Each structure stands twice: as structure tokens, then as C-alpha cells.
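# Fold and contact review
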Amino acid sequence: MYGKDSPIGVFDSGVGGLSVLARLVLEMPQEDFIYLGDRKNAPYGSKSKEEIVGFSRENARCLSELGVKCLVIACNTATATSAELLRAEYPDLPIVGIEPAVKPAAHSDCRRVAVLATPRTVESSRFAELISVNSGACELIPVPCPRLAGMIERGEDVRDYLSELLSGVGDFDGIVLGCTHYPFVKNEILAAVGREVEIFDGAIGTAAQAKRRLEALGLLSDSGEGKISFVSTDGDDAYIEKFFKEVTKCLFPKT
């Protein structure tokens, strides 16, 4: 059974969820974290719903057996397909999922926002609901990105691909980063756009929600500076740890 000093579990299909982990650590530096990157099965965005549910169940099982006090699904695709199922299977475990930051984008001053996401996220009923509920004065344009997460996972050059993706979207003044891999190429996205646009990242709200849930349950740690453990399903735990150190400098250059 978990308690205040138990770790927080975080999982993603690969390294993308490290952008969420970085926000979680910034929000709760006193907490211990276990990050599980399912690099063996990455990326999730092009997999079937049944496959993603199976991967998510296995990730949740592994982290639950490690005694986590909260589970953060740091993958928009896994949240859209599996969050409600996992909540039903683990009723006593707080589960927080990340979703595309459609709501803050819709309530901003932006008139037209491109929502970049994996095909599986765009096809999900939860994504359709987010778009429908938040549509209004701000036009929300879904932009499926079939190859982008995999290219980022492999460290490939994404500039030409981004230019191709965004060329047919038309004029827009905001972008939702609807996959946790995408913050790592934010500069390349802005360069492909070629003008100033507002960026919306769901990791910020996810980290804040995780903290609120733990605080409400009296489960926030007060034991000082926390530590992070990294697990990769392909066996290369060191790769994920190294990636995290590099992207933290990239995401928060002034910290």
C-alpha cells in the first residue's frame, strides 16, 4: 500500500513523457518519481486502439506493483484510449492523464489554432469531445501528424516534415502541442510556421492537477528533495535518463 513517501509513477510510449516529467519535478521537487518509457512499443500514435490499451495496462501494472501513490499518463494517445479503463481497474489509485491543451487555447485571444496530435488521438472520441465542447469564437483545426513522434523518438530532422504538415493549414495564430514529444521540437515548429504564434502545452496543467490531487488526499511528500528512477522497456534505462537531463536544459534553460 502506498503512502506519502511513495513515488509517483509516470509512463509514456517513449521519451515524449519526459516533457511532462520535467513539469512534474518543477511543480513537486520534493517527490520521488518512477518514469517508465515503453520504447519497445513506441510510438503509440500509429498503433491500434487495442494495442495501446494493452500497452497502457501493462505499464500501469508494472508501476502499481512498484507501489506508486499516483499514476500520471504522460501520453495524449494513451490518455484518450485508456485513462477511463485504468481508473476503473485501479479505483484506489489517483490517475491523472494528459490531454491536448484545447481548453486554454480556446479561451485565449487566438482566433484560429492548429491542434497538432497523433492520428490515434485525433480519431478518439475524447478528442472529438474536447474540440466540440471548446469550439466557439476560436476555430480549432485538428492536424494529424502520423510520423512526427516517431521521428522525434529517433532523433531525426523534422524541419521539412513540419513544413509539409503546416503548409495546408492556412492562417493561424496558435498551436496546441497535442503529443508529449512535440515540446522537444518547439523551436523547429516555430521556424516552420515562420511567424509569431502562441504555443499551448498540456503538461503544465497536468502537473498542476497531479499536485492538486495529491494535496487533496494528503499524499504530498514533505521529506525534502526527491529522486527519479528511469525504466525503459527496451532495457536501455540509461538512454532515457540521459535524454531527460538534456531536455530539461532545453525546456527550462534558465533553471
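Here, every reference points to the structure presented above.
What counts and how
Residues numbered from 1 in each chain as written. Predicted model: local features only at pLDDT ≥ 70, side-chain atom pairs only at ≥ 80, totals over all residues. Heavy atoms only, no water. Axes fitted to C-alpha atoms, helices over the stretch in contact; angles between N-to-C directions. Helix = DSSP H or I, 4+ residues; strand = E, 2+ residues; numbered from the N terminus. Parallel < 35°, antiparallel > 145°, perpendicular 65-115°, else oblique. Left-handed = near helix turned anticlockwise from the far one by under 90°. Contact = heavy atoms within 4.5 Å. Nonpolar A, V, L, I, M, F, W, Y, C, P; charged D, E, K, R; others polar. 1 Å grid on protein atoms, 1.4 Å probe; cavity = no way out; pocket = protein on both sides within 12 Å on 5 of 7 lines; lining within 4 Å. Points joined across faces, edges and corners; volume = space filled by probe spheres on them.

### As for the packing of helix 2 (residues 49-65) against helix 3 (residues 76-89)
Remark: helix 2 packs on helix 3, axes separated minimally by 9 Å, with the N-to-C direction vectors making an angle of 55°. Here helix 3 runs oblique to helix 2, going by the angle between their axes. For helix 2 against helix 3, the interelement crossing comes out right-handed. Here Lys49, Ile52, Val53, Ser56, Arg57 and Ala60 of helix 2 lie close against helix 3, whose contacting residues are Thr77, Ala78, Thr81, Ser82, Leu85, Leu86 and Glu89. Residue composition of the contact of helix 2 with helix 3, grouped by class: six nonpolar, four polar and three charged.

### Re empty space enclosed by the protein
The gaps of empty space that remain are located by a probe, the size of a water molecule, rolled over the atoms. In total, this model carries three cavities of 30 Å³ or more according to the counting rule given. Considered as a void within the structure, the second largest cavity measures approximately 50 Å³ in volume. Considering the residues around the second largest cavity, the lining is formed by Asn76, Ala80, Ile98, Glu99, Pro100, Thr121, Ser124, Arg126, Phe127 and Leu130. Elements that contribute at least two residues to the lining of the second largest cavity include exactly helix 3 and helix 6 (125-134). Counting residues per element, the lining of the second largest cavity draws most heavily on helix 6, which supplies three residues. Of the residues in the lining of the second largest cavity, the class split is five nonpolar, three polar and two charged.

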